[in-house]
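One letter stands for each residue in the lines below.
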Amino acid sequence: MQAAKDSFYVALRERLAGLNPSRTMVIDGVTVPAIVVRENMEPRFVEAQAGAFFLDFGEILIAESSRPMLGMDCHIWYASEGSGGTGVDRGRMLADMDGELLGMCDPPHSAMFDYSRAPIEDLGSGIFWTVPVMNEVPEGSPVEKEQWSAGRGRVARYAQLRIYFFLPEVEA
Amino acid sequence: MSRAGLRPISRQTRAYFAAVDRANGPTAIFDPSKDGGFQLDAPPSPWIDLGWIENFHRTTTSQIEGLNAGSAGAVVRQARHALGARVEFEFRDWGKLQMALAGGAEHMNVLASDPSANRAGSGGSALAAVPLLPGSTGTELLLGAGAVAGFRTGDLVACDVDYAQQVGYLGSGVAAAYVKNPADVRQDANYVRRVTFNVGRVAFTTSGSLVLAQALPGGPPLAGASIQKVTAFVDREGGAFLQQWSGLFVAEDESGGRVCFYYPILSPCTVRADWVKESLVEIQKPIGQMALHASFISLPTVDGNDAAVVLSYRSYFPASGSAVY
């Protein structure tokens, strides 16, 4: 399970670094690509920032039972406040992030690795996911809408997709 | 050893085609020992990427029957006969090659014509061709300073030799038509350029050349070649020519191994009485995407490794780390 989460995140992070090297954020003094999994962050850093992608993993379902294939929901939050103080380009900057998200998600698959081992282990199958559905931030979402919309000075997006993967198993 | 990688997962299929030498057979052999792991956006030469396709179906009509003998009438031998295979799918991209393959017959480049020229369903009498200078390549056409002024960025151009009243296959690099009698094509010097696959779009012009956005499918221009502007493409219901191409189809490997289907020779074939040529794939009413239906029969070739007569090859490249069986 954790291997699928980690593999998805690492795939998107590496792709973002290639698509837009300047989209970075600073966490605890370290500059990193501006995409994070919030459950992996210290609570003091989880507050949403404009200009970065925040991933949350959601429900897990059994997609096929004959050989366990799981589907795991993923929510991706991002927002823009524009640049230069006036914020008049916040829509354009959000559109840039829309494009980056679509770019990160294509191709919609990646190899699955166990990042908890050293060296990292190739698990012999892949993860694959649906095309993200990109909505406005819904009511009752895990993150308070006000935090994202911040009045009219911030525009936000809430993208959803589902990641599929086989549970690693050992039979030989 | 993980068994998860034994299940290929795929949601779409990519199509690649390569020209067949009509005299000597396929020139593009998909060799799984060399070509298996290629990047789908960068196929090995001479395969041409024709994009993602939908509703890909492979069928076989080959029969394996038992031969009965003896008092019990039991099967004592088996025999394979009626070797046959077909492929059907839909192109979602429209282009010169996609139309030609879906149409199956001669595919016409509509050459720019003079406003006063005669009218014809595949284009009237063409404006004069512009000869290429020596040194032109598959991506850069040398014209000289004066002639290049007649072309602009974005123009489509057809590039090939003049028709010299010969009988046989026409078209540089790719057989595009077959002429039985020069009178059939009105001895038109432009006829080769009407059908050639050597068509490109001008990415930009230099002081004396046109630089193309994509390489000419038939390769560098032959000596004596000329170019003409193309305004559209036309295929026709009818015609005497049948396209022949090698086909390679790759199921995108999302998890597990990669599966490739290689057909040395595909020729157009429709087997249903009411074959639908194109359809509208609904996006949201009333918006739809036009899909080009294509259908082929596979022609036999001989595998040099064991002299077997074969129609197609299915290659499987196991996922790294997966079990073998």
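(A) Quick peek at the overall build of chain A. Broken down by element type, chain A carries 3 helices and 9 strands. Seen in sequence order, chain A has helices and strands lined up from the N terminus as α-β-β-β-β-β-α-β-β-β-α-β. Split into buried and exposed, the 172 residues of chain A put 30% on the buried side. At a minimum sequence separation of 6, the contacts of chain A that also span at least 24 residues come to 55%.

(B) Layout of the overall build of chain B. Of the regular secondary structure elements, chain B holds 4 helices and 22 strands. For chain B, the spread of C-alpha atoms along the principal axes amounts to about 80 × 50 × 50 Å. Classification of the 325 residues of chain B by burial places 34% in the buried group. Long-range pairs, those at least 24 residues apart, make up 70% of the contacts in chain B between residues at least 6 apart in sequence.

(C) Summary view of the interface of chain B and chain A. Counting residues at the interface gives 15 residues for chain B, matched by 15 residues for chain A. For the side of chain B that touches chain A, the residue count by class is 5 nonpolar, 7 polar and 3 charged.

(D) Structural detail: helix 1 (residues 2–19) of chain A. Between its first and last C-alpha, helix 1 of chain A extends 25 Å over 18 residues, near the 26 Å set by a 1.5 Å rise per residue. Turning to helix 1 of chain A, its buried residues are Ala3(A), Ala4(A), Lys5(A), Ser7(A), Phe8(A), Ala11(A), Leu12(A) and Leu16(A).

(E) Representation of the nonpolar core within the structure. Counting residues in hydrophobic clusters, the biggest one holds 64 residues, and the most contacted among them are Phe17(B), Val157(B) and Ile227(B). With sequence-adjacent residues up to four places away left out, Phe17(B) is seen in contact with Ile48(B), Leu50(B), Leu97(B), Leu101(B), Trp245(B), Ser246(B) and Gly247(B). Ranked by size, the runner-up nonpolar core spans 40 residues in total, among them Leu16(A), Leu55(A), Trp129(A) and Phe166(A).

(F) Region of the structure containing the packing of helix 1 of chain A against helix 2 (residues 90–104) of chain A. All names here are of chain A. Remark: helix 1 packs on helix 2, axes separated minimally by 9 Å, with the N-to-C direction vectors making an angle of 125°. On the basis of the axis angle, helix 1 is oblique to helix 2. Where helix 1 crosses over helix 2, the two elements pack in a sense that is right-handed. Mapping the contact onto sequence places Leu12, Arg15, Leu16 and Leu19 in helix 1 and Glu100, Gly103 and Met104 in helix 2. Across the contact of helix 1 with helix 2, the residue classes break down as 4 nonpolar, 1 polar and 2 charged.

(G) Region of interest: the pairing of strand 16 (residues 245–251) of chain B. Residue and element names in this part refer to chain B. Most of strand 16 sits out of view: 6 of its 7 residues are buried. By the bridge criterion, 7 bridges tie strand 1 (residues 13–21) to strand 16 in an arrangement that is antiparallel. Counterpart to Tyr16 in the pairing with strand 16 is Leu248.

(H) Region of the structure containing the environment of Asp21(B). All names here are of chain B. Note that Asp21 resides in strand 1. On the basis of neighbour counts, which here come to 14 C-beta atoms within 10 Å, the residue Asp21 falls in the partly exposed class. Distance in space between the C-alpha atoms of Asp21 and Leu242 is 13 Å, their sequence separation being 221 residues.

(I) Examining the environment of Phe17(B) more closely. Here Phe17(B) is to be found in strand 1. As for Phe17(B) and Ile265(B), which are separated by 248 residues in sequence, their C-alpha atoms are 10.0 Å apart.

(J) Looking closely at the environment of Val281(B). All names here are of chain B. Examined against the element boundaries, Val281 turns out to sit in strand 18 (residues 278–284). A tally of 13 C-beta atoms within 10 Å means that Val281 is categorised as partly exposed. Along the sequence, Val281 and Ala291 sit 10 residues apart, while their C-alpha atoms lie 6.7 Å from each other. With near-sequence residues (within four places) excluded, Val281 lies in contact with Gly288, Gln289 and Ala291.

(K) Representation of the confidence of the model for chain A. Taken residue by residue, chain A gives an average pLDDT of 87. The fraction at 70 or more is 88%. Across chain A, the secondary-structure element scoring lowest on mean pLDDT is helix 3 (residues 145–149) of chain A, at 50, and the one scoring highest is helix 1 of chain A, at 97.

(L) Inspection of unusual backbone geometry at higher detail. Here the bond from Asp106(A) into Pro107(A) is cis, since omega is 5°, no more than 30 degrees from zero. Structurally, Pro107(A) is set in the loop between helix 2 and strand 6 (109–114). Even without glycine at this site, Ala82(B) takes up a positive phi of about 55°. Position of Ala82(B) relative to the elements: it lies in the loop between strand 5 (74–81) and strand 6 (85–91). The backbone of Ala307(B) shows a phi angle near 65°, a positive value even though the residue is not glycine. Relative to the assigned elements, Ala307(B) resides in the loop between strand 20 (301–303) and strand 21 (308–310). On the basis of neighbour counts, which here come to 7 C-beta atoms within 10 Å, the residue Ala307(B) falls in the exposed class.

(M) Here's a closer look at the confidence of the model for chain B. For chain B, the mean per-residue pLDDT works out to 94, and 100% of the residues sit at or above 70. Across the whole predicted complex the pTM is 0.89, and at the interface the ipTM reaches 0.79.

(N) Inspection of the pairing of strand 17 (residues 258–268) of chain B at higher detail. All names here are of chain B. Looking at chain direction, strand 16 and strand 17 are connected through 6 bridges and run antiparallel. Considered in strand 17, the bridge of Trp245 is made with Leu266. Between strand 16 and the antiparallel strand that follows it, strand 17, lie 6 residues; Gly256 among them carries a positive phi value of about 80°. Sheet analysis places strand 17 next to strand 22 (residues 313–317), joined by 5 bridges and oriented antiparallel.

(O) Region of interest: helix 2 (residues 96–103) of chain B. By the criterion of burial, helix 2 of chain B is predominantly enclosed, with 6 of the 8 residues buried. Of the residues trailing helix 2 of chain B, Gly104(B) is marked for its positive phi of about 90°.

Conventions adopted
Along each chain, the written sequence defines residue order, and numbers are assigned to residues from 1. For naming, the first written chain is A and the first written ligand is 1, with later ones following in the order written. Predicted model: local features are reported for residues with pLDDT of at least 70 only, side-chain atom pairs are reported and counted for 80 or more only, and whole-chain, interface and lining totals are derived from all residues. Helical segments are the DSSP runs of H or I of at least four residues, strand segments are the runs of E of at least two, and each set is numbered from the N terminus. Whether a residue is buried, exposed or partly exposed follows from its count of other C-beta atoms within 10 Å of its own C-beta, namely 20 or more, 12 or fewer, or something in between, respectively; the C-beta atoms are built from the backbone. Each residue gets a C-beta atom placed from its backbone, and two residues are in contact if those atoms lie within 7 Å. When residues are sorted by character, Ala, Val, Leu, Ile, Met, Phe, Trp, Tyr, Cys and Pro go into the nonpolar class, Asp, Glu, Lys and Arg into the charged class, and all the rest, Gly among them, into the polar class. The span you would expect from a helix comes to 1.5 Å times its residue count less one. As used here, a nonpolar core is made of buried Ala, Val, Leu, Ile, Met, Phe, Trp, Tyr and Cys residues. They are joined through C-beta atoms within 7 Å. Lines fitted to the C-alpha atoms define the axes, with helices restricted to the stretch that makes contact. Angles between their N-to-C directions range from 0 to 180 degrees. Between 65 and 115 degrees an angle is taken as roughly perpendicular, under 35 as roughly parallel, over 145 as roughly antiparallel, and anywhere else as oblique. Helix crossings fall into two classes, left-handed where the near helix is turned counterclockwise from the far one by less than a right angle and right-handed where it is turned clockwise. Whether two strands pair depends on DSSP finding at least two bridges between them. pLDDT: the predictor's confidence for each residue, scored from 0 to 100.

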